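Notes for the structure review
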Amino acid sequence: MAKKNPTDLTVEEKLKALYQLQTYLSAIDEKRALRGELPLEVQDLEDELAGLNTRLEKINAEIEDFRAAVVQKKGEIATAEASIARYKAQLEEVKNNREYDTLSKEIEFQSLEVELCNKKIKEAGVKVEEKQKELEEARELITDREAALSEKRAELDDIMQETRDEEEKLKNKARDLEEKIEPGLLRSFKRIRKGARNGLGLTVVQRGSCGGCFNKIPPQRQLDVKMHKKILVCEYCGRILIDPELAGIKPMETAEEKPKRKRAVRKTAKKTEPEEAEEEA
């Protein structure tokens, strides 16, 4: 049998196809809702772990920099001490006060360099200890987050395993059905559905109201929806409208108006003859 062109479908057939597609897509949304916030939680933990590992690398690099600085300062101390020893040996051979003063100043300068280097080495040692504490804290945090991530992934995998097969079947059905719907209409339906809070691009008219936004629909428009002559949308929310009969849903009966209560009239007591005579007087 030849495949029917989507543009050749009647309005009734188009609405039925859209309603069936809406049913499949809503069922897929329900399957995804079962996962809840788990995918986002897993993603957040993965991002946090990536950040912690980057922080770990940075701390390690800083520790290595401090240690390299310590080695450099120790080398400078050795150079300065060698200079001091050389200048002290030269002091024994000085011939005048000027040479003595010059060598004494050099010895004093090199001694200050040694003191400064030792100070820098101590500061670097303190920084290394602080960074090692940060490193240990980061490692503990990474271990904790890895355990949480493993738990969340296992939980997500269990849910995914339960819903994956059913969701895949629904996706296949939806794809097959989309091929039977006019492309322009399908695009409009998906655009409406994307903008709708509850994911409904098409909704049933019940009790004279839109099933999506629950606003009242004018009687003439309700009649047009029932006639299936053209595709109509809600003038408030923009969703495509379909009548319950075409959707295969039993229409909800409109609640009957309660009878108006009669206003009670207070009866005036009948006047006696003496009272009437007094009034006439």
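See above for the structure.
Let us look at the packing of helix α2 (residues 38-91) against helix α3 (residues 97-178). The geometry of α2 relative to α3 is characterised by a closest axis approach of 6 Å and an angle of 165° between their N-to-C directions. Overall, the two elements α2 and α3 adopt an arrangement that is roughly antiparallel. Here α2 and α3 pass one another in a crossing that is left-handed.

Turning to the pattern of salt bridges, a few remarks are in order. Summed over the entire model, instances satisfying the criterion amount to 14 salt bridges. Ionic pairing is found between arginine 153 and glutamate 46, a salt bridge with its closest N-O pair at 2.6 Å. You can see arginine 153 sitting in helix α3 and its partner glutamate 46 sitting in helix α2, a full 107 residues away along the chain. Glutamate 46 sits in the partly exposed class, given a relative accessible area of 28%. Put simply, Glu48, Asp144 and Arg145 are held in one network by salt bridges that share partners.

Thresholds, definitions, all that
Residues numbered from 1 in each chain as written. Predicted model: local features only at pLDDT ≥ 70, side-chain atom pairs only at ≥ 80, totals over all residues. Heavy atoms only, no water. Axes fitted to C-alpha atoms, helices over the stretch in contact; angles between N-to-C directions. Helix = DSSP H or I, 4+ residues; strand = E, 2+ residues; numbered from the N terminus. Parallel < 35°, antiparallel > 145°, perpendicular 65-115°, else oblique. Left-handed = near helix turned anticlockwise from the far one by under 90°. Salt bridge = Lys/Arg side-chain N within 4 Å of Asp/Glu carboxyl O. Buried < 20%, exposed > 50% of the residue type's maximum accessible area, 1.4 Å probe, protein only.

Scope: geometric values only; no functional claims are made or implied.
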